[in-house]
Amino acid sequence: MPSMPTDPTMDGLHSGIWYSLPGACPSETFGAKSDECMKTMSGGHCEVVDGTKNCTYHAEYAGEIRLDDLSGILDKARGIRTYEDWWKTSYEQCLSVVAHGKYAGPCVRNVEYDKKTDKGVGTSFWNSKHDMEEGLRRMDRVRQLFSEKYPHLPSTLEEPACL
C-alpha cells in the first residue's frame, strides 16, 4: 500500500482547476447590488470573449452528475434511493432485522470514507484516496458517467486561451 503524504495538498493527484470568474459588482453582497454598481462593475461574463475588462469569460450550464450516482451507493433493488437511505435507513433496517432474530448481525453503519483506514464502508469509491491510480480511476468514472448522461456533449474541453 502506498504511503500517504503528511500534507494532503501534496498527494500528486491531478487536482481540479479553479477559475475565478468575476461577477458583477463584487464589492456588494448578492441582492444588495445597486444599478449604479452593476453599471460600473459589470463583471467579466460575455457571449464572445475579447479580453477586455468586462469580457473575460463565457460559461454556460452543461449538466451535472450526482455524487450518489458516481460513488455507486444507490441500489433501488435494496431500497437505497437516497444518501440518507444508504447511511442511515439501511443501518436502522439492519438493527430491526437483528432485533426480530432474522439476522445475527453485526450491523455496520455505512461511511463514505474513513481517514484511519483509507477506505469506505459500504462503498469503495474513495478507497486509497491519495493513490494516483485510484484518483485517475475516479476521474475516468466521472467522464464515463457524464458521457452516458450527456452523450451529445464532449467529455473534456481544452484549456481556455489566456488573452
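Being a predicted model, the structure only gives us computed values, none of them experimental.

Criteria and cut-off values
- Residues numbered from 1 in each chain as written.
- Predicted model: local features only at pLDDT ≥ 70, side-chain atom pairs only at ≥ 80, totals over all residues.
- Heavy atoms only, no water.
- Helix = DSSP H or I, 4+ residues; strand = E, 2+ residues; numbered from the N terminus.
- Buried < 20%, exposed > 50% of the residue type's maximum accessible area, 1.4 Å probe, protein only.
- Contact = heavy atoms within 4.5 Å.
- Areas by Shrake-Rupley, 256 points an atom, 1.4 Å probe, with all protein chains shown as cover.
- Pairing = 2+ DSSP bridges.
- Lys, Arg positive; Asp, Glu negative; His and termini not counted.
- Salt bridge = Lys/Arg side-chain N within 4 Å of Asp/Glu carboxyl O.
- Polar contact = N/O pair within 3.5 Å; in protein donor to acceptor, adjacent residues only side chain to side chain.

Participant: Mind laying out the overall build of the protein chain, listing which residues take part and the relevant values?
Facilitator: On a plain count of helices and strands, the protein chain comes out with 4 helices and 2 strands. Across the 163 residues of the protein chain, 21% fall into the buried class. A separation of at least 24 residues holds for 34% of the contacts in the protein chain among residues at least 6 apart in sequence. When the accessible surface of the protein chain is totalled, it reaches about 12500 Å², and 56% of it is carbon and sulfur.

Participant: Outline unusual backbone geometry, supporting the account with residue identities and numerical values.
Facilitator: In this structure, Pro106 follows Gly105 across a cis peptide bond, with omega equal to 0°. Within the secondary structure, Pro106 is located in the loop between helix 3 (83-99) and strand 1 (111-114). One non-glycine residue with positive phi stands out, namely Asp118, at about 60°. Relative to the helices and strands, Asp118 is located in the loop between strand 1 and strand 2 (119-121). Even without glycine at this site, Ser128 takes up a positive phi of about 55°.

Participant: Go over the pairing of strand 1, please, and point to the residues and values.
Facilitator: Pairing analysis gives 2 bridges linking strand 1 to strand 2, with the strands arranged antiparallel. Its bridge partner lying in strand 2, Val111 is registered against Val121.

Participant: Could you give me a rundown of the side chain of Asp85, with the residues and numbers involved?
Facilitator: Inspection of the secondary structure puts Asp85 in helix 3. In this structure, Asp85 is buried with no salt-bridge partner, the nearest side chain bearing the opposite charge being Arg81 at 5.8 Å. Polar contacts involving the side chain of Asp85 include one to the main-chain amide nitrogen of Arg81, which spans 2.9 Å. Excluding residues that lie within four positions of it along the chain, Asp85 makes contacts with Gly79, Ile80 and Ser90.

Function cannot be read off these values alone, since they describe shape.
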